[in-house]
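Structural overview for review
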Amino acid sequence: MPNSRDIDLSALQNMPSKTKRQWRFLAETDSTNAEISRRLAKHPPPEEGLIILADSQTDGKGRLGRTWHSAPGTGVYISTLIRPNLTPEQLPILTLMAGLATVIAVNEFTTNHTQLKWPNDLLLNGKKIAGVLCEYYPKNIPAVIIGIGINVNQTQFPADIKEIATSLKLETGEEINRTALIKQLITQLDFQYSELKKHKVGTLIKNWTSHTDLFGKTITLKKSIQSITGKAIRLDNLGRLVIVNESGEETAFDSGEVRLG
Ligand code: BTN
């Protein structure tokens, strides 16, 4: 029987921090990202630092219109609101920032190395363990909702994703305390965001690169109806993926879906 006993809201609220945060825990919601988006439409809108944590989601959203499987008592489903001072072309860097924070937090709980797959996936032993969905809210004061889903104590997944998804429990054999993982995640997210506010984009890109095995591999990138095959060689300073084709031409992509081979 799933339960949310391993989520200790007061321990999270009392975490030492330089950042002002407002924590909200919901046993169930449609989507923690949608929950923040609804609150943004109200007056007064919430301030930077709002965190919505749910034990389950009935309509968890993934990237590219996909669904994020969000069963109760097992995963981390969390969204936070930030109001960054970035230009629209710099915004995609936030997905990388959140992915980096997540991979560092997740790796505290496994001896295997979780890998980042551009732009928003985390893979452990080749299967998806976590994902990031950043949504931009341009009205009034610009806001960004950073949504993070981590598969933690799931022991099974629905048939359509069971070959491609995994959880920390399935990989390590151990039950993970979600409060401990969320603490690591928020600590990392605060740190990476404070570094970004100090304009340390180069360091962010370097650290992101040290957590991926993508570079040097032949990939196919799908972007709407376009499909480009080439070698992934690096990220540029906007976090765009640079691919080189057979003629040696380099192109930088700001979005798309990467497949190996
Ligand atoms: C992806 O890999 O496609 C992104 C998955 C993001 C899932 C998280 S769970 C918390 C937040 N709320 C949502 O509805 N989605 C994100």
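These figures come from a predicted structure and were not determined experimentally. (Residues numbered from 1 in each chain as written. Predicted model: local features only at pLDDT ≥ 70, side-chain atom pairs only at ≥ 80, totals over all residues. Heavy atoms only, no water.)

Counting 55 residues, the largest nonpolar core has Ile78, Trp118 and Leu241 as the members making the most contacts within it. It is helix 3 (residues 93-107) that provides the largest number of residues to this core, a total of ten residues. (Core = buried A, V, L, I, M, F, W, Y, C linked by side-chain atoms within 4.5 Å. Buried < 20%, exposed > 50% of the residue type's maximum accessible area, 1.4 Å probe, protein only. Helix = DSSP H or I, 4+ residues; strand = E, 2+ residues; numbered from the N terminus.)

If you trace the backbone, Ile52 turns up in strand 2 (residues 50-54). Separated by 23 residues in the primary sequence, Ile52 and Thr29 place their C-alpha atoms 9.9 Å from one another. When neighbours within four sequence positions are excluded, Ile52 is seen to be in contact with Arg24, Leu26, Thr32, Glu35, Ile36, Arg39, Tyr77, Ile78 and Ser79. (Contact = heavy atoms within 4.5 Å.)

Turning next to unusual backbone geometry. With an omega of -5°, the peptide bond between His43 and Pro44 qualifies as cis. Take Pro44: it is sitting in the loop between helix 2 (32-40) and strand 2. The backbone of Leu64 sits at a positive phi, close to 55°, despite the residue not being glycine. As for its position among the elements, Leu64 is in the loop between strand 2 and strand 3 (76-82). Look at His199: it is not a glycine, yet its phi comes out positive at around 65°. Of the residues examined, His199 reaches a relative accessible area of 68% and is grouped as exposed.

Of all residues adjacent to the ligand, which total 21 residues, the nearest are Ser31, Gln57, Lys61, Arg63 and Lys128. In the environment of the ligand, an oxygen atom lies 2.6 Å from a nitrogen or oxygen atom belonging to the backbone of Arg63. Secondary structure elements with two or more residues in the shell around the ligand: helix 2, strand 3, strand 6 (127-137) and strand 7 (143-150). Counting residues per element, the shell around the ligand draws most heavily on strand 6, at four residues. (Near = heavy atom within 4 Å. Polar contact = N/O pair within 3.5 Å; in protein donor to acceptor, adjacent residues only side chain to side chain.)

When the terminal C-alpha atoms of helix 3 are compared, their 21 Å separation across 15 residues agrees well with the 21 Å that a helix rising 1.5 Å per residue should span. Most of helix 3 sits inside the fold, with 14 of its 15 residues counted as buried. (Expected span 1.5 Å × (residues − 1).)

Now for the sheet that holds strand 7. Strand order across the open sheet formed by seven strands is 1-2-3-7-6-5-4, with mixed pairing between neighbours. Unpaired on one side and paired on the other, strand 1 (22-26) and strand 4 (115-117) mark the two borders of the sheet. Geometrically, the sheet is characterised by an average inter-axis angle of 20° between neighbouring strands, direction not taken into account. With eight bridges joining them, strand 6 and strand 7 adopt antiparallel strand pairing. (Pairing = 2+ DSSP bridges. Axes fitted to C-alpha atoms, helices over the stretch in contact; angles between N-to-C directions.)

Right, let's talk about the pattern of salt bridges for a bit. Inspection of the entire model under this criterion finds 19 salt bridges. Arg39 serves as the salt-bridge partner of Glu35, at 3.3 Å between the closest nitrogen and oxygen. Pair noted here: Glu35 and Arg39 are both in helix 2, with a separation of four residues, about one helical turn. According to the relative accessible area criterion, Glu35 is buried, its value standing at 13%. Here Arg39 falls in the partly exposed class, since its relative accessible area comes to 24%. For Glu250, the salt bridge is made with Arg234, and the minimal N-O distance between the two is 2.8 Å. Residue Glu250 is found in strand 11 (residues 250-253), and its partner Arg234 is found in strand 9 (residues 226-235); the two are separated by 16 residues along the sequence. Of the residues examined, Arg234 reaches a relative accessible area of 38% and is grouped as partly exposed. Taken together, the shared-partner salt bridges in this structure form one network comprising Asp30, Glu35, Arg38 and Arg39. (Salt bridge = Lys/Arg side-chain N within 4 Å of Asp/Glu carboxyl O.)

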